[in-house]
Amino acid sequence: MVEELLSAVKAVPDPELPHVTIGDLGMVRRVELEGDHAAVVIAPTFLGCPATEQIRADVEDVVRGVGFVAVVDFEMAPAWSTDDITEAGRAKLAAAGIAPPAMVGDGPVPIDLPVACPHCGSRQTRLVAGFGATACKALHHCHGCRQPFEAFKELRR
Ligand SMILES: [Zn+2]
């Protein structure tokens, strides 16, 4: 039952990135059942992201659909980072034309490579604006195929 609930919760689409689910983004930490209550622990992505309350409402709906009452908790620590995005999530972002974030890892020296273009793969790109359509994305321009594209911003822990 917990497994079923967990996959249902993970399948909730991200309100701002409808191509990926909150499971793809690595936001679902755990689900615990107690009687008819399901405690769902979610790692919020970008602080102050207006999507957070939408995610809470969507998770409550899904859990209710499976027959439980949801108690959604947002866990801030350990903080979510873009490294938590799954392989499947990265592939879906790229397929939607959004450059997935680079893996930051725990290395002490951040390496700022230009973002690879999701259309043609070129690294001859430049940052146009720090904010794209949503706060978690930035707008880039590719010199290779001369197309603009959005990139998911890296978020370090
Ligand atoms: Zn390109």
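Heads up: the structure comes first, above all this text.
Per-chain numbering applies: the sequence of each chain, read as written, is numbered from 1 onward. Selection of residues for local features in this predicted model requires a pLDDT of at least 70, selection of side-chain atom pairs for listing and counting requires 80 or more, and totals for whole chains, interfaces and linings are taken over all residues.

Here we look at the overall build of the protein chain
In terms of helices and strands, the protein chain carries three helices and seven strands. In terms of its C-alpha atoms, the protein chain occupies a principal-axis envelope of roughly 55 × 30 × 25 Å. Counting other C-beta atoms within 10 Å of each residue's C-beta, where C-beta atoms are placed from the backbone, gives the exposure class: buried for 20 or more, exposed for 12 or fewer, partly exposed between. Relative to its 157 residues, the protein chain shows a buried fraction of 29%. What counts as a contact is two residues whose backbone-derived C-beta atoms lie within 7 Å of each other. Taking all contacts inside the protein chain whose residues are at least 6 apart in sequence as the whole, residues at least 24 apart take part in 50%. Runs of H or I in DSSP of at least four residues are treated as helices and runs of E of at least two as strands, each being numbered from the N terminus.

Observations concerning the nonpolar core
Ranked by size, the top nonpolar core spans 31 residues in total, and within it V9, A38, V40, V59, V63 and A99 carry the most contacts. Broken down by secondary-structure element, the contributors of at least two residues to this core are helix 1 (2-10), strand 1 (28-34), strand 2 (37-42), helix 2 (51-66), strand 4 (98-99) and strand 7 (148-152). Domain start and stop positions are those given by an automatic or database domain assignment. Inspection of this core shows a minimum of three residues originating in each of domain 1 (2-74) and domain 2 (98-152). Sequence-distant contacts of V59, that is, excluding residues within four places in its chain, are made with V9, V12, V40, I42, A70 and V72. Only buried Ala, Val, Leu, Ile, Met, Phe, Trp, Tyr and Cys residues enter a nonpolar core, and they are joined through C-beta atoms within 7 Å.

With respect to helix 2
To estimate the expected span of a helix, count its residues, drop one, and scale the result by 1.5 Å. For helix 2, spanning 16 residues, the distance from its first C-alpha to its last is 23 Å, which sits close to the expected 22 Å at 1.5 Å a residue. Listing the buried residues of helix 2 in full gives I55, V59 and V63. Looking straight down helix 2, one finds that the buried residues subtend no more than 65° of arc, so they occupy a single side. Turned more than 90 degrees off the buried face of helix 2, the exposed positions are E53, D61, R64 and G65. Where the residues of helix 2 are buried, they touch helix 1, strand 2 and strand 3 (69-74). G67 sits one or two residues past helix 2 and shows a positive phi near 105°. What the arc measures is the spread of directions leading from the helix axis to the C-beta atoms.

Re the pairing of strand 1
The side chains of a regular strand alternate between both faces of the sheet. Each pair of strands is called paired provided DSSP finds at least two bridges between the two strands. With six bridges joining them, strand 1 and strand 2 adopt antiparallel strand pairing. Paired with E34 across the strands is H37, a residue of strand 2. Between strand 1 and strand 2, which pair antiparallel and follow one another directly, the connecting turn spans two residues, one of which, G35, has a positive phi of 65°.

Some points on the sheet that holds strand 4
Spatially, the four strands line up as an open sheet ordered 4-7-6-5, and their pairing is mixed. Among the strands making up the open sheet, the edge pair consists of strand 4 and strand 5 (125-129). Relative to strand 6 (residues 137-142), strand 5 runs antiparallel, the two being bridged by four bridges. In the sheet register, A129 faces strand 6, and the bridge partner there is L139.

Here's the deal with the pairing of strand 7
Burial of strand 7 is extensive: four of the five residues sit out of reach of the surface. Here strand 4 pairs with strand 7 via two bridges, running parallel. Bridging from a neighbouring strand, I98 pairs with E150 of strand 7. Taken together, the five bridges between strand 6 and strand 7 define a ladder with antiparallel strand orientation. Its bridge partner lying in strand 7, A138 is registered against A151. Counted between consecutive antiparallel strands, the loop separating strand 6 from strand 7 contains five residues, among which R146 sits at a positive phi close to 60°.

In short, the description is geometric, and any link to function would need to be established separately.
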